[in-house]
Amino acid sequence: MSDTATCGPAPAEPASVQVPIAELEELMARTCAAAGVPDDAARRVVHHFLTGELRGKPSHGLAKFIFESRFFPERQAPPEIVRER
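Residues numbered from 1 in each chain as written. Predicted model: local features only at pLDDT ≥ 70, side-chain atom pairs only at ≥ 80, totals over all residues. Heavy atoms only, no water.

## A closer look at the environment of P79
Within the fold, P79 resides in the segment after helix 3 (62-69). Between the C-alpha atom of P79 and that of A42, which follows or precedes it by 37 residues, the distance is 16 Å. (Helix = DSSP H or I, 4+ residues; strand = E, 2+ residues; numbered from the N terminus.)

Next up, the structure:
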């Protein structure tokens, strides 16, 4: 038998992980900063997505932040009115 053989199955992944809110805020803020989001806007973005998560709406919380953060570098302009009704 080789020295690299393992005994038994690999340990199971935890069903959930608890992370302090302050740590999430910091990580999300750093993500925004890396994408070039100005500090004042980053605070609003982080607050928005964390509020969704903390209200029990993960589809509007961290998962949505992770998805949307890919597009932050492209969304660095004020809103533009295309058509008024």
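Text resumes after the structure shown.
## What about the packing of helix 1 (residues 21-34) against helix 2 (residues 39-54)?
Contact geometry for helix 1 and helix 2: axes closest at 9 Å, N-to-C directions at 135°. Comparing their axes, helix 2 and helix 1 come out oblique. Along this stretch, helix 1 crosses helix 2, giving a crossing that reads as right-handed. Across the interface between the two elements, I21, L24, E25, M28, A29 and C32 from helix 1 touch A42, V45, V46, F49, L50 and L54 from helix 2. By residue class, the composition of the contact of helix 1 with helix 2 is 11 nonpolar, no polar and 1 charged. (Axes fitted to C-alpha atoms, helices over the stretch in contact; angles between N-to-C directions. Parallel < 35°, antiparallel > 145°, perpendicular 65-115°, else oblique. Left-handed = near helix turned anticlockwise from the far one by under 90°. Contact = heavy atoms within 4.5 Å. Nonpolar A, V, L, I, M, F, W, Y, C, P; charged D, E, K, R; others polar.)

## Some words on the layout of surface pockets
If you add up the space inside the largest pocket, you get close to 190 Å³. What lines the largest pocket is V37, P38, A41, R44, V45, F72, R75, Q76 and A77. (1 Å grid on protein atoms, 1.4 Å probe; cavity = no way out; pocket = protein on both sides within 12 Å on 5 of 7 lines; lining within 4 Å. Points joined across faces, edges and corners; volume = space filled by probe spheres on them.)

## Notes on the nonpolar core
If you look at the biggest cluster of nonpolar residues, it comprises 12 residues: L24, M28, C32, A35, V37, A41, A42, V46, F49, L50, F65 and F72. Counting residues per element, this core draws most heavily on helix 2, at 5 residues. (Core = buried A, V, L, I, M, F, W, Y, C linked by side-chain atoms within 4.5 Å. Buried < 20%, exposed > 50% of the residue type's maximum accessible area, 1.4 Å probe, protein only.)

## Some words on the pattern of salt bridges
Here the structure, examined in full by the defined rule, presents 2 salt bridges. As a salt-bridge pair, R44 and D40 come within 3.9 Å of each other at their nearest N and O atoms. Pair noted here: R44 and D40 are both in helix 2, with a separation of 4 residues, about one helical turn. Residue class for R44 comes out exposed when judged on its relative accessible area of 55%. When the shortest N-O distance is used, the salt bridge between K64 and E68 registers 3.5 Å. Of the two residues, K64 and E68 are both situated in helix 3; the distance of 4 residues between them amounts to about one turn of the helix. (Salt bridge = Lys/Arg side-chain N within 4 Å of Asp/Glu carboxyl O.)

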